[in-house]
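# Inside the fold
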Amino acid sequence: QVQLVESGGGLVQPGGSLRLSCAASGKIFSINFMGWYRQPPGKQRELVASITSGDKTNYADAVKGRFTISRDNAKNTMYLQMNSLKPEDTAVYYCSFDVRSGSSSLLRAYWGQGTQVTVSS
């Protein structure tokens, strides 16, 4: 089994910054895709940013130029640096990893429990 633990959410004023972390533990052979998702109140969950094992990144248009995703493979950890935050960034943020638990294992998606980010004055 694999567990994902998120941290770094909170309340911040518009224009402020936060850094989210997502650390994986358990039986991990490799991690391919890593992604940050968010679910605003009353809306569907959406992909915010993603990073592959080859460090290829992808961002939603709404966060391009403000958010930066990164990963530390040695620590099985992913980060999301969020700058110039806006009220519309308010949401529960979730991380997800595609994990292979053994050399011949299939990839399986795991999710974190979510962390609240609130942007308000």
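Before reading further, recall that the structure is shown in the block above.
Conventions adopted
For every chain, the first residue of the written sequence is number 1, and numbering continues from 1 onward in sequence order. It should be noted that, the model being predicted, local features are given only for residues of pLDDT at least 70 and side-chain atom pairs only at 80 or more, the latter also being counted only at that level, while totals for whole chains, interfaces and linings use all residues. Side-chain metrics in this entry use all non-hydrogen atoms of the structure; hydrogen atoms and water are not considered. Two strands make a pair as long as DSSP finds a minimum of two bridges between them. Helical segments are the DSSP runs of H or I of at least four residues, strand segments are the runs of E of at least two, and each set is numbered from the N terminus. Note on definitions: angles span 0 to 180 degrees between N-to-C directions of axes, and those axes are lines fitted to C-alpha atoms, for helices only across the stretch in contact.

### So, the pairing of strand 5 (residues 46–51)
The sheet contact formed by strand 4 (residues 30–39) and strand 5 spans five bridges and is antiparallel. What sits directly across from Y37, in strand 5, is L47. Of the pairings in the sheet, the one linking strand 5 to strand 6 (residues 57–59) comprises three bridges and is antiparallel in character. Each residue of the ladder has a partner; that of S50, found in strand 6, is N58.

### A closer look at the sheet that holds strand 8 (residues 77–82)
As summarised here, the arrangement of the four strands in space is 1-3-8-7, forming an open sheet in which the pairing is antiparallel. Each of the sheet's edge strands pairs with one partner strand only, and the pair in question is strand 1 (2–7) and strand 7 (67–72). This sheet shows a mean twist of 15° between the axes of neighbouring strands, independent of strand direction. Direction of pairing for strand 7 relative to strand 8: antiparallel, over a ladder of six bridges.

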